[in-house]
Amino acid sequence: MNADTELESWREEWQSEASIPADLHRNVERQSLQMRLLLIADTVVTIVIGGGSTAWALLSKDPGVALVAVAAWIFLAAAWIFVFTVNRRLWRPSAIDAAAFIDLSVRRCEGALKAVWFAGILFVAEIAFDLSWIYVRSNLQQSWWRWLLFGSLRTDIVWICTVVFFILLVWYRRRKSRELARLLGLREEILGD
Amino acid sequence: MKSFTATDAQPGFGSTIDLNRETVDRKSLEEQFERILSAHGPALSRLAASYTSTVSDRDDLVQETAFAIWQALPHFRGDCSERTFAFRIAHNRAIAHLSRNREQKIDPLEEVELRDPAPGPESDFSRRQRAETLRTAVRGLPLAYRQVIVLTLEGLGYREIAAVLGISESNVGARLTRARQLLQDALENRK
């Protein structure tokens with residue numbers, strides 16, 4: 001490549017930056033703020049649940065309660081590993097151009113969809129552990145399934161919360177799926193992918 | 001990116017500027033300001049991006065530049081092109097920005113890990129990758145060479161670059177030769 005051709009090629013590349021749509025820019029900034037707030041919320045939950053269960057185990061000196069504390073830390077560790085894995089490279093665009101902003105938004109959407117699955121599985125695992133622990137500790141004579149369905153107001157509340165949680169999860173998943181489709185359309189429109 | 005309009009700059013001006021405003025047709029100033037920004041806005045944004053490492057810093061610098069252009073506009077007598085005028089101010093603001101943020105570290109290359117949705121020879125993706133690599137390599141050049149290469153890539157000639165930077169045309173040529181060598185080396189190293 002001779003010098004002038006090279007310079008012209010660089011010039012084309014340099015000036016090829018597509019402008020970042022304002023709503024996309026705002027959206028990315030809003031998501032960044034939400035991610036920071038979620039990180040703070042996760043930290044608070046870790047301190048409250050992890051610290052609380054550990055303090056409870058230490059104070060009660062009951063092996064059963066110690067098991068709860070261990071399980072709580074396992075669930076928290078799983079959640080943090082997931083958060084760090086999914087959030088990696090989601091904090092800022094890799095460049096200041098439309099392509100990087102759209103790519104970041106797409107990856108954030110995909111991350112949110114993965115998080116929906118993870119949240120569902122983690123919730124089921126926690127509920128299964130908690131209810132099993134309560135059932136075993138209660139030393140009840142009735143069969144476990146009868147206890148689960150009709151045992152007490154406490155188990156009924158658990159089921160109501162579970163239903164509400166999964167309804168919200170499905171709603172969120174649909175919202176994010178629509179957003180992902182919109183972003184992929186935008187990427188095609190702007191960048192011709 | 002935040003937009004900047006002439007009316008954004010009204011409050012807080014000093015009395016000198018206000019006196020000038022009385023003698024100059026404000027409407028034509030506003031039109032001139034809008035014309036400069038619409039003609040050179042993307043170039044000023046790219047220039048700002050070559051001196052900053054984050055989106056918000058880039059936007060701040062673009063805003064500062066737009067504000068400075070608005071402030072200087074009453075004094076602009078057409079002794080150079082509007083482009084030269086705008087770039088000169090943009091460069092001054094960029095230098096001021098750098099001097100305020102001396103500790104700012106520009107990443108040598110924030111590796112772009114975009115997945116290629118349609119791999120193929122010379123896909124749009126690979127063009128974007130090359131453009132991003134070029135921008136990052138330019139950001140990594142020493143200031144004196146970065147200034148010259150950025151203005152060259154924006155299409156300014158030796159005379160205009162000399163006017164913007166306040167150096168001689170021969171100095172522009174010498175710096176550009178060296179800047180191109182450094183840029184070639186940087187791009188080679190990234191392959």
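Residues numbered from 1 in each chain as written. Chains lettered and ligands numbered in written order. Predicted model: local features only at pLDDT ≥ 70, side-chain atom pairs only at ≥ 80, totals over all residues.

A separate point is the overall build of chain B. Each helix and strand in chain B was counted, giving 8 helices and 0 strands. In chain B, the succession of α and β elements from N to C terminus is α-α-α-α-α-α-α-α. Split into buried and exposed, the 191 residues of chain B put 31% on the buried side. Long-range pairs, those at least 24 residues apart, make up 71% of the contacts in chain B with a sequence separation of at least 6. (Helix = DSSP H or I, 4+ residues; strand = E, 2+ residues; numbered from the N terminus. Buried ≥ 20, exposed ≤ 12 C-beta atoms within 10 Å, placed from the backbone. Contact = placed C-beta atoms within 7 Å.)

As a further point, take unusual backbone geometry. All names here are of chain A. Positive phi outside glycine occurs at K61, with the angle close to 55°. Residue position: K61 is located in the loop between α2 (22-60) and α3 (63-87). Residue classification places K61 among the exposed positions, given that 8 C-beta atoms sit within 10 Å.

Take helix α7 (residues 158-165) of chain B next. Within the span of α7(B), buried status applies to E160(B), I161(B), A162(B), A163(B) and V164(B). Packing partners of the buried residues in α7(B) comprise α4 (82-100), α6 (143-153) and α8 (169-190) of chain B.

Residue and element names in this part refer to chain B. Where α7 meets α8, the axes come as close as 8 Å, and the angle between the chain directions of the two elements is 100°. One finds that α7 runs roughly perpendicular with respect to α8. Contact residues: Y158, R159, I161 and A162 in α7; E169, V172 and G173 in α8. Counted by class, the contact of α7 with α8 contains 4 nonpolar, 1 polar and 2 charged residues. (Axes fitted to C-alpha atoms, helices over the stretch in contact; angles between N-to-C directions. Parallel < 35°, antiparallel > 145°, perpendicular 65-115°, else oblique. Nonpolar A, V, L, I, M, F, W, Y, C, P; charged D, E, K, R; others polar.)

For the rest of this paragraph, the subject is the confidence of the model for chain B. Residue and element names in this part refer to chain B. With 72% of its residues at a pLDDT of 70 or more, chain B shows a mean pLDDT of 76. Ranking the helices and strands of chain B by mean pLDDT puts α6 first, with 92, and helix α1 (residues 15-23) last, with 52. Considering only residues more than four positions removed or in separate chains, one finds that residues 5-15, a stretch of pLDDT under 50, has 6 contacts. The low-confidence segment residues 103-122, where pLDDT is below 50, has 23 contacts with residues more than four positions distant or belonging to other chains. Across the interfaces of the predicted complex, the ipTM metric reaches 0.70, alongside a pTM of 0.50. (pLDDT = per-residue confidence, 0-100.)

What follows concerns the nonpolar core. Membership of the largest hydrophobic core comes to 39 residues, with the highest contact counts inside it found for A48(B) and A86(B). Looking at this core, the elements with two or more residues in it are α1 (3-14) of chain A together with α2 (26-49), α3 (55-72), α4, α5 (124-139), α6, α7 and α8 of chain B. Looking at this core element by element, the count peaks at 7 residues for α2(B). Leaving out residues up to four positions away in the same chain, A86(B) has contacts with I36(B), H40(B), L44(B) and I69(B). Formed by 7 residues, the second largest nonpolar core is a distinct cluster that contains V28(A), F101(A), L104(A) and C109(A). (Core = buried A, V, L, I, M, F, W, Y, C linked by C-beta atoms within 7 Å.)

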